[in-house]
Amino acid sequence: MKITVIGAGNVGACAAQMLAVKELVNEVWLLDVSEGVAKGKALDLYETMPILGTDTRIYGTSDYAETANSDIIVMTAGLARKPGMTRDDLVVKNASIVSDCISQAVKYSPNAYLIIVSNPLDVMTYVALKVSGLPRHKVIGMAGILDTARYNSFISMETGYSMKDIQSQLLGGHGDTMVPLPRFTTVGGIPVTDLISKERLDAIVTRAKNGGIEIVNYLQTGSAYYAPGTAAVEMCEAIIKDQKRILPCTVMLDGEYGFTDVCLGVPVVLGKGGVEKIIELNLNADEKALLDDSQGHVKKTIEDAKVMLNMN
Ligand code: NAD
């Protein structure tokens, strides 16, 4: 199997490294507009494999022809946030980068699954879906796995209990309007609401919503990449190993949750068929209101991007 990671920046290089560490595929191609960066990081990673004792071959390129017949394409190219920026501030530049990269990549890999990481995530997933012409079960945005990982980390910090035992779900857009769901969160099967006070849980939800900017403010020069790169690889693994994982992913909705023509984070079953099923949770009125609000925000940004890209 062969995976191409477009964008050899922080997230892309981390994803390539995790793919190799887990030895999920034989070949990983790192593609970047800067050929030197792609080739340099790929060679450095290739030279890591003898130390790890794994056999993944990692190559760098700026030529899409070399990525031909990839099984999965992980799209990470684009600008990252700096302090003071929202993800939506990236839409103008990243919409044209995603549109250009995806149309070139699918020309050479028409059967690939696309895993989108570039921000603003929900809008870029929509752009990739439209530009690629692929069916919706093959174009999948990564955000919910990262957002739940942040939320789960904070629950573990609060309780001191193992991260392995924390299970949660999350809906909505990747941004301030995301909808973490305490009602669907358990620690070792115990509802989190039995373990953490409402006040503390509200604070954890707020911190998870602001998890991206917390790291941007520390780094000053870019945004998070270890957890995002690792999250994208978890999606690759679910597809490659046909794991049937239930994971929060961003997909085009066609009536689910009452929404159409919008890409939004929802729980899906991820396996060798890509998104094999979208799971519709039975939401209460408060949860549905938060999801409606999130959908409205994402839809508006998608409409702006469509006008900009002259897309119908
Ligand atoms: P980065 O600046 O480190 O890397 C971006 C890379 O993209 C650079 O190497 C750049 O040369 C390359 N690039 C730019 N235009 C290109 C083009 N037309 N073709 C090929 N390569 C091109 O940024 P990063 O930290 O790796 O973040 C990448 C993207 O991922 C950003 O948009 C960021 O906001 C997003 N991100 C999303 C999530 C998420 O949860 N979905 C999390 C973290 C980061």
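Only a predicted model underlies this, so the values are computations on that prediction, with no experimental measurement involved. (Residues numbered from 1 in each chain as written. Predicted model: local features only at pLDDT ≥ 70, side-chain atom pairs only at ≥ 80, totals over all residues. Heavy atoms only, no water.)

A. Structural view of the overall build of the protein. Summing up its helical and strand segments, the protein has ten helices and 14 strands in all. A compact globule built from 312 residues should have a C-alpha radius of gyration of about 20 Å, and the protein, at 19 Å, falls within 12% of that. For the protein, the C-alpha atoms occupy an extent of roughly 50 × 50 × 40 Å along the three principal directions. By the burial criterion, 52% of the 312 residues in the protein qualify as buried. Contacts in the protein between residues far apart in sequence, at least 24 positions, make up 71% of those at least 6 positions apart. Only carbon and sulfur atoms are counted for the fraction: they give 51% of the accessible area of the protein, which is about 13,500 Å². Taking the 29 positively charged and 36 negatively charged side chains of the protein as two groups, their mean positions are separated by 1 Å. (Helix = DSSP H or I, 4+ residues; strand = E, 2+ residues; numbered from the N terminus. Rg over C-alpha atoms; globule rule 2.2 N^0.38 Å. Buried < 20%, exposed > 50% of the residue type's maximum accessible area, 1.4 Å probe, protein only. Contact = heavy atoms within 4.5 Å. Areas by Shrake-Rupley, 256 points an atom, 1.4 Å probe, with all protein chains shown as cover. Lys, Arg positive; Asp, Glu negative; His and termini not counted. Charge placed at Lys NZ, Arg CZ, Asp CG, Glu CD.)

B. A look at the pattern of salt bridges. Across all of its chains, the model carries 18 salt bridges by this definition. We note a salt bridge from Glu237 to Lys241, for which the minimum N-O separation is 2.7 Å. For Glu237, a relative accessible area of 11% puts it in the buried group. (Salt bridge = Lys/Arg side-chain N within 4 Å of Asp/Glu carboxyl O.)

C. Inspection of the pairing of strand β13 (residues 260-271) at higher detail. The buried fraction of β13 is high, at ten of twelve residues. With ten bridges joining them, strand β12 (residues 245-254) and β13 adopt antiparallel strand pairing. Considered in β13, the bridge of Pro248 is made with Pro267. The pairing of β13 with strand β14 (residues 274-278) spans four bridges and is classified as antiparallel. (Pairing = 2+ DSSP bridges.)

D. Geometry of the site of the ligand. The full set close to the ligand counts 25 residues, and Val11, Asp32, Leu79, Val117 and Met142 are the nearest of them. A distance of 3.5 Å separates an oxygen atom of the ligand from a polar backbone atom of Gly9. Note that an oxygen atom of the ligand is positioned 3.4 Å from one of the backbone N or O atoms of Gly78. Protein chains bury 84% of the 870 Å² of accessible surface belonging to the ligand in isolation. Its atoms largely coinciding with the cavity grid, the ligand occupies the largest pocket. Put simply, the parts of the chain that give the shell around the ligand at least two residues each are α1 (10-21) and α4 (91-108). Considering every element that reaches the shell around the ligand, the biggest residue donor is α4, with three residues. Looking at the shell around the ligand residue by residue, the class counts come to 15 nonpolar, nine polar and one charged. (Near = heavy atom within 4 Å. Polar contact = N/O pair within 3.5 Å; in protein donor to acceptor, adjacent residues only side chain to side chain. 1 Å grid on protein atoms, 1.4 Å probe; cavity = no way out; pocket = protein on both sides within 12 Å on 5 of 7 lines; lining within 4 Å. Sits in = over half its atoms within 2 Å of the grid points. Nonpolar A, V, L, I, M, F, W, Y, C, P; charged D, E, K, R; others polar.)

E. The arrangement of the domain arrangement of the protein in detail. Partitioning the protein into structural domains gives domain 1 (2-141) and domain 2 (144-308). Tallying the contact residues gives 38 residues for domain 1 and 51 residues for domain 2. For the pair domain 1 and domain 2, the summed buried area comes to about 3,600 Å², and 70% of that belongs to carbon and sulfur atoms. Looking at the side of domain 1 facing domain 2, the largest losses of area belong to Asp122, Tyr126 and Arg136, adding up to 20% of the total buried there. Taken together, the connections running from domain 1 to domain 2 amount to three salt bridges. Note that Lys22 and Glu237 form a salt bridge whose closest N and O atoms lie 2.7 Å from each other. Inspection of the domain 1/domain 2 interface yields ten residue pairs in polar contact (both at pLDDT 80 or more). Of all the elements in the fold, those that place two or more residues in the side of domain 1 that touches domain 2 are α1, β4 (72-75), α4, β5 (113-116), α5 (121-132) and β6 (139-141). Looking at the side of domain 1 that touches domain 2 element by element, the count peaks at seven residues for α5. Broken down by class, the residue content of the side of domain 1 that touches domain 2 amounts to 25 nonpolar, five polar and eight charged. (Domains from an automatic or database assignment. Buried area = accessible area lost by both parts, 1.4 Å probe.)

F. Summary view of the packing of aromatic side chains. In total, this model carries three aromatic pairs according to the counting rule given. Centre to centre, the rings of Tyr46 and Tyr59 are 6.0 Å apart; their planes meet at 65 degrees, and the pair counts as edge-to-face. With a gap of 13 residues between them, Tyr46 in helix α2 (residues 35-46) and Tyr59 in strand β3 (residues 57-61) connect regions that are remote in the sequence. Its relative accessible area of 31% is what places Tyr46 among the partly exposed residues. Among the residues examined, Tyr59 registers a relative accessible area of 31% and is labelled partly exposed. In this structure an aromatic cluster arises from ring pairing among Trp29, Tyr46 and Tyr59. In this arrangement the basic side chain of Lys138 is found over the ring face of Tyr113, its NZ or CZ atom lying 4.8 Å from the centre. (Phe/Tyr/Trp six-rings, centres within 6.5 Å; stacked < 30°, edge-to-face > 60°. Lys NZ or Arg CZ within 6 Å of the ring centre and 35° of its normal.)

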